[in-house]
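Chain residues, written in single-letter form:
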Amino acid sequence: MRYLLLSCLILVLSGCYLANGPPGEEDYWIKNGNKITNDEINKCDQLADKYAFGSKKEKEKYDYLQSVVDTDPDKLIANKEDFNQYDRLLDILTKYKHGCYYSLGYRFNAPFYWCLIGNMHICKENIKYSGYGLNYIFPSSPSPQENTDSQ
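Residues numbered from 1 in each chain as written. Predicted model: local features only at pLDDT ≥ 70, side-chain atom pairs only at ≥ 80, totals over all residues. Heavy atoms only, no water.

**Student:** Teacher, can you tell me more about the nonpolar core here?
**Tutor:** Soluble, globular proteins show a tendency: their nonpolar side chains are buried together. Membership of the largest hydrophobic core comes to 15 residues, with the highest contact counts inside it found for Trp29, Ile36, Tyr101, Phe108, Ala110, Trp114 and Cys123. Residue assignment for this core shows that the elements contributing at least two residues are α2 (38-51), α5 (80-103) and α6 (112-126). A total of four residues in this core trace back to one element, the largest contributor, which is α6. Non-local contacts of Trp29, meaning those with residues more than four positions away in its chain, are made with Asn34, Lys35, Ile36, His98, Tyr101, Tyr102, Tyr106, Arg107, Phe108, Asn126 and Tyr129. (Core = buried A, V, L, I, M, F, W, Y, C linked by side-chain atoms within 4.5 Å. Buried < 20%, exposed > 50% of the residue type's maximum accessible area, 1.4 Å probe, protein only. Helix = DSSP H or I, 4+ residues; strand = E, 2+ residues; numbered from the N terminus. Contact = heavy atoms within 4.5 Å.)

Following this line, the structure appears as structure tokens:
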């Protein structure tokens with residue numbers, strides 16, 4: 001009976017998590033135990049918007065494609081060339097923002113279960129900003145002790 005109740009509780013809790021969706025990645029940028037603030041997110045957004053693109057033309061193209069996404073995303077998806085360009089520009093902008101978070105002292109520390117529920121691509125991109133590195137996800141076994149006895 002105890003196992004049945006425990007199983008039901010786990011099922012209900014996991015259903016709530018899946019129904020509401022996982023928290024956004026900003027919840028896992030941590031510095032000294034605190035989440036990144038909205039002010040710092042906005043600061044990095046502004047810096048990325050200002051400096052991430054190599055030219056004014058590239059910035060204008062991104063702004064145009066972003067307006068297409070906001071108004072009619074199907075139109076962008078239908079045009080492969082524009083979609084690929086938007087994806088490339090968005091990747092540049094995102095990397096710049098994440099680098100800004102990192103330079104402010106934040107580290108990406110998402111739990112492994114968050115990565116497994118459809119966020120693995122985010123975890124792979126941000127592992128370089130983690131305080132743990134690859135050992136966080138793929139812990140290594142301890143290396144064998146070297147023989148230090150002198151003969």
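**Student:** Quick question: what am I supposed to make of the state of the cysteines here?
**Tutor:** Disulfide: a covalent bond connecting the sulfur atoms of a pair of cysteines. In the structure shown here, the tally under the stated rule is two disulfides. In this model, Cys115 is linked to Cys123 through a disulfide, with the two sulfur atoms separated by 1.9 Å. Negative torsions about the S-S bond denote left-handed disulfides, and the value of about -85° found for Cys115 with Cys123 makes this one left-handed. Of the two residues examined, Cys115 and Cys123, each falls in the buried class. Across the protein, the way the bonded cysteines pair up, counted in sequence order, is 1-2, 3-4. (Disulfide = S-S within 2.5 Å.)

In short, shape yes, function no, at least from these values alone.
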